[in-house]
Amino acid sequence: MKIAEYVSLAAERGASDIHLIAGLPAKCRLDGQIVNLSEEVLAPEDCECLAREMAGVDYEKIESIGELDCAATIAGERVRINLFRQQGHVSAALRILSNHIPALDTLGLPKVVSSFPSLQKGIVLVTGETGSGKSTTLAAILDQINHTRNEHIITLEDPIEYVYTPDQCIINQREIGTDTQSYAEGLRAILREDPDIILIGEMRDLATIETALTAAETGHLVFATLHTNSAVDSIDRIVSVFPEARQGQIRLQLSTTLKAVLSQQLLVRANGHGRVVAAEVMIVTQAIQNLIREGKTPQMQSFMLSSADQGAITMDNCLIQMAMDGKILPQTAEEAGVDRDYIRKKLQLAW
């Protein structure tokens, strides 16, 4: 089979990823699970042929570097491609990128998230593991801004996942490795490009975090992602990147610029078909600001519980509500939770 046939078949089935590995049938990720895309076992030469087809003139880089990142439109689908060598053979991991940006109110997120597009300045973090829907959430937020405000949006992404059609906003999308060398370099340049709203695909290092804080302090609205599993972990992750001597200053900056943290994960629906988002939201109230400044992050969880009237919700309480609403199974809620005993008690799970 040609690569276009694999992509077309995977897209038709609603798969998010394709895996091509010598000695195995082609695989895809469907509703979070790895399943066969075809029954035909791939030989090493099949994988090499497919990799050459995808990489074109850049294929030789795999020989010297060991891997190659690229993007292409295949069978009408935008695809992110990673080619790499393992055990002497070439393997491929492909992510099928959506051409459609969903409306924010269709994602099933907590109601308070609908207020994020109206924020004027500060930082909003969207966190979660790889494949938890962070990019989709951010695209929906930015697209709502695009249709409701007259602003200049600049994105820094690796790679560009969703392509926006400018409406009331002007939008510049910059890709790491193609349009700029790194997040840190691109973000430094952004501050000279008259942005109102900045999207940072991932806050990876000290320089990127530092510049993002500066951008927020100077009146910009910054959206960014982190690979953390909770709102509290996000604060600790950002602060820990800096030397101890600077952590007090960073906590102060973060307390004044951070507006909200949304942590999410995708879970299998109760009927076993498709996935649904579970989300934790921390709204940065004055009490949370004080805890950030004082480095008392462990106490934030209890303060989140007390600010539910402002839209805050913990992951465990979100999971409990989803199970009670029949969106997910009680067992799924328990497995995805932080305090499993608490969830089990609330749902009265039988052992």
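Residues numbered from 1 in each chain as written. Predicted model: local features only at pLDDT ≥ 70, side-chain atom pairs only at ≥ 80, totals over all residues. Heavy atoms only, no water.

A.B. asks: Go over the overall build of the protein chain with me, naming the residues and quoting the values.
C.D. replies: When helices and strands are tallied, the protein chain shows 13 helices and 13 strands. The globule rule puts the C-alpha radius of gyration for 351 residues at 20 Å, and the 21 Å found for the protein chain is close to it. Considered along the principal axes of its C-alpha atoms, the protein chain spans approximately 60 × 60 × 40 Å. Of all 351 residues assigned to the protein chain, the portion counted as buried reaches 49%. Long-range pairs, those at least 24 residues apart, make up 55% of the contacts in the protein chain with a sequence separation of at least 6. (Helix = DSSP H or I, 4+ residues; strand = E, 2+ residues; numbered from the N terminus. Rg over C-alpha atoms; globule rule 2.2 N^0.38 Å. Buried < 20%, exposed > 50% of the residue type's maximum accessible area, 1.4 Å probe, protein only. Contact = heavy atoms within 4.5 Å.)

A.B. asks: Describe the pairing of strand 7 (residues 122–127), and please don't skip the residues or the numbers.
C.D. replies: For strand 7, a buried count of six out of six residues is recorded, marking the element as mostly surrounded by other parts of the structure. Residues Gly122, Val124 and Val126 of strand 7 are buried on one face, and the alternating residues Ile123, Leu125 and Thr127, pointing to the opposite face, are buried as well. Two strands pair when backbone bridges link them, and strand 7 and strand 12 (residues 258–268) are joined in this way by five bridges, in the parallel orientation. Along strand 12, the bridge assignment pairs Thr127 with Ser263. (Pairing = 2+ DSSP bridges.)

A.B. asks: Account for the sheet that holds strand 10 (residues 197–200), naming residues and giving values.
C.D. replies: Here we have seven strands laid out as an open sheet, ordered 9-8-10-11-7-12-13, and mixed in their pairing. Whereas interior strands pair on both sides, the edge strands pair on one side only; in this sheet they are strand 9 (170–175) and strand 13 (275–283). Put simply, the sheet's adjacent strands are angled 15 degrees from each other on average, direction ignored. The pairing of strand 8 (residues 152–157) with strand 9 spans six bridges and is parallel. Directly across from Glu157, in strand 9, lies its bridge partner Glu175. Against the sheet, helix 5 (residues 183–190) touches strand 8, strand 9 and strand 10, its axis set at about 170 degrees to strand 8. Here helix 7 (residues 231–240) sits on the sheet in contact with strand 7, strand 11 (221–226), strand 12 and strand 13, set at roughly 125 degrees to strand 12. (Axes fitted to C-alpha atoms, helices over the stretch in contact; angles between N-to-C directions.)

A.B. asks: Residue-level account of the packing of helix 7 against helix 8 (residues 244–257), with values.
C.D. replies: Interhelical geometry of helix 7 versus helix 8 gives an angle of 135 degrees and a closest axis separation of 9 Å. Judged by the angle between their axes, helix 7 and helix 8 are oblique. Note on packing geometry: the crossing formed by helix 7 with helix 8 is right-handed. Along its contact with helix 7, which presents Ile235, Ile238, Val239 and Ser240, the element helix 8 presents Gln247, Ile250, Arg251 and Leu254. Residues that form the contact of helix 7 with helix 8 fall into these classes: five nonpolar, two polar and one charged. (Parallel < 35°, antiparallel > 145°, perpendicular 65-115°, else oblique. Left-handed = near helix turned anticlockwise from the far one by under 90°. Nonpolar A, V, L, I, M, F, W, Y, C, P; charged D, E, K, R; others polar.)

A.B. asks: Please provide a residue-by-residue account of the layout of surface pockets, values included.
C.D. replies: Estimated volume of the second largest pocket: approximately 260 Å³. For the second largest pocket, the lining is made up of 14 residues, of which Gly108, Pro110, Ile313, Cys318 and Lys327 are closest to its centre. Partitioned by chemical class, the residues of the lining of the second largest pocket number eight nonpolar, three polar and three charged. (1 Å grid on protein atoms, 1.4 Å probe; cavity = no way out; pocket = protein on both sides within 12 Å on 5 of 7 lines; lining within 4 Å. Points joined across faces, edges and corners; volume = space filled by probe spheres on them.)

A.B. asks: So what's going on with the confidence of the model for the protein chain? Which residues, and what values?
C.D. replies: When the pLDDT values of the protein chain are averaged, the result is 94; 99% of them are 70 or greater. Across the protein chain, the secondary-structure element scoring lowest on mean pLDDT is helix 3 (residues 60–65), at 83, and the one scoring highest is strand 7, at 98. (pLDDT = per-residue confidence, 0-100.)

A.B. asks: Quick rundown of the sheet that holds strand 3 (residues 33–41)? Include the residues and the values.
C.D. replies: Across the sheet, which stays open at both edges, the six strands sit in the order 3-2-1-6-5-4 with antiparallel pairing between neighbours. Looking along the sheet, the strands with just one partner apiece sit at the ends: strand 3 and strand 4 (67–74). Going from strand to strand, the sheet's axes swing by 20 degrees on average, the running direction of each strand aside. As defined by bridge partners, strand 5 (residues 77–86) adjoins strand 6 (residues 89–97) across nine bridges and the pair is classed as antiparallel. Bridging from a neighbouring strand, Arg78 pairs with Leu97 of strand 6. Set on the sheet, helix 1 (residues 3–13) makes contact with strand 1 (17–20), strand 2 (25–30), strand 3, strand 4, strand 5 and strand 6; between it and strand 3 the angle comes to about 140 degrees. Of the strands in this sheet, strand 1, strand 3, strand 4, strand 5 and strand 6 touch helix 2 (residues 44–55), which is tilted by about 50 degrees from strand 6.

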